[in-house]
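Structural characterization, general
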Amino acid sequence: MSGMMVPEVDVRAVPGGAYLLDVREHDEWQAGHVESAVHIPLGELQRRVGEVPKESTVYVVCRVGGRSANAVAWLNHVGWDAVNVGGGMHSWAAAGLEMVSETGRQPAVI
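Since the model is a prediction, treat every value here as computed from it, not as a measurement. Sequence order as written defines the numbering, with residues in each chain counted from 1. A pLDDT threshold of at least 70 governs which residues receive local features in this predicted model, and a stricter bar of 80 or more applies before side-chain atom pairs are shown or counted, although totals over entire chains, interfaces and linings include all residues. Only hydrogens and water are removed before side-chain values are computed, so all heavy atoms of the structure are retained for them.

**Digging into the pairing of strand β2 (residues 19-22)**
A simple rule labels every residue: compare its accessible area, found with a 1.4 Å probe on the protein chains alone, to the largest value its type can have, and call it buried under 20%, exposed over 50%, or partly exposed in between. Only DSSP runs of H or I reaching four residues or more are called helices, and only runs of E reaching two or more are called strands; each is numbered from the N terminus. Residues Tyr 19 and Leu 21 point to one face of β2 and Leu 20 and Asp 22 to the other, with burial holding for every one of them. Here, strands pair whenever DSSP counts at least two bridges between them. Note: β2 against strand β4 (residues 58-61), 4 bridges, orientation parallel. The residue of β4 that forms the bridge with Leu 21 is Val 60. We call a crossover right-handed when, viewed with the strands running away from us, the connection from the first strand over the helix to the second turns clockwise. Regarding the hand of the β-α-β motif, the stretch spanning β2, helix α1 (residues 26-31) and strand β3 (residues 38-39) is right-handed.

So this is what it looks like as structure tokens:
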């Protein structure tokens, strides 16, 4: 996928109600994620892509933006409209945006 342009948006510009796809691993997701996000780890995305809607823009997030950029490049290549969330969950947390945890602890980006 090298050489492909990957559209990117600042975390503060992700529209409310947007389809947000989190491609991090299970432990990262459990530690802290956006409540409305959908979790499909990057390694499972090709197999589970049918779960991702094609009728709206897909905003993709990971920890810092690398894995999500790969996911966006691939999704756009196979016909989706996808955008990378710049800086990933690190930027999300730094911006003070809401997160939840599955661990019973304070949400964290790991």
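**A word on the pairing of strand β5 (residues 82-85)**
Both faces of β5 are covered, namely the face carrying Ala 82 and Asn 84 and the face carrying Val 83 and Val 85. Both strand β1 (residues 8-9) and β5 contribute to a ladder of 2 bridges, which runs parallel. The residue bridging Val 9 from the neighbouring strand is Val 85, located in β5. When β4 meets β5, the two strands line up parallel, connected through 3 bridges. Note on β5: the bridge partner recorded for Tyr 59 is Val 83. Taking the sense of rotation as the criterion, the β-α-β connection linking β4, helix α3 (residues 66-77) and β5 turns out right-handed.

**A few points about the sheet that holds β4**
In space, the 5 strands of this open sheet follow the order β1-β5-β4-β2-β3, with parallel pairing throughout. Either end of the sheet is taken by a strand with one partner, and the two such strands are β1 and β3. Its contacts with the sheet put α3 on β2, β4 and β5, and the angle it makes with β5 is roughly 175 degrees. We call two residues in contact when some of their heavy atoms are within 4.5 Å. Between the N-to-C directions of two axes lies an angle of 0 to 180 degrees, each axis being a line fitted to C-alpha atoms and, for a helix, fitted only over the stretch in contact.

**Some details on the pattern of salt bridges**
Two side chains with opposite charge may pair up if their charged atoms get near one another. We define a salt bridge as a contact between a side-chain nitrogen of Lys or Arg and a carboxyl oxygen of Asp or Glu at a distance within 4 Å. Inspection of every chain in the model, using the stated rule, returns 7 salt bridges. In this structure, the salt-bridge partner of Arg 67 is Glu 28, at a minimum N-O distance of 2.9 Å. Taken as a pair, Arg 67 in helix α3 and Glu 28 in helix α1 lie far apart in primary sequence, 39 residues in all. What makes Arg 67 partly exposed here is its relative accessible area of 23%. By relative accessible area, which is 5% here, Glu 28 ends up buried. Put simply, Glu 44, Arg 47, Arg 48 and Glu 51 are held in one network by salt bridges that share partners.

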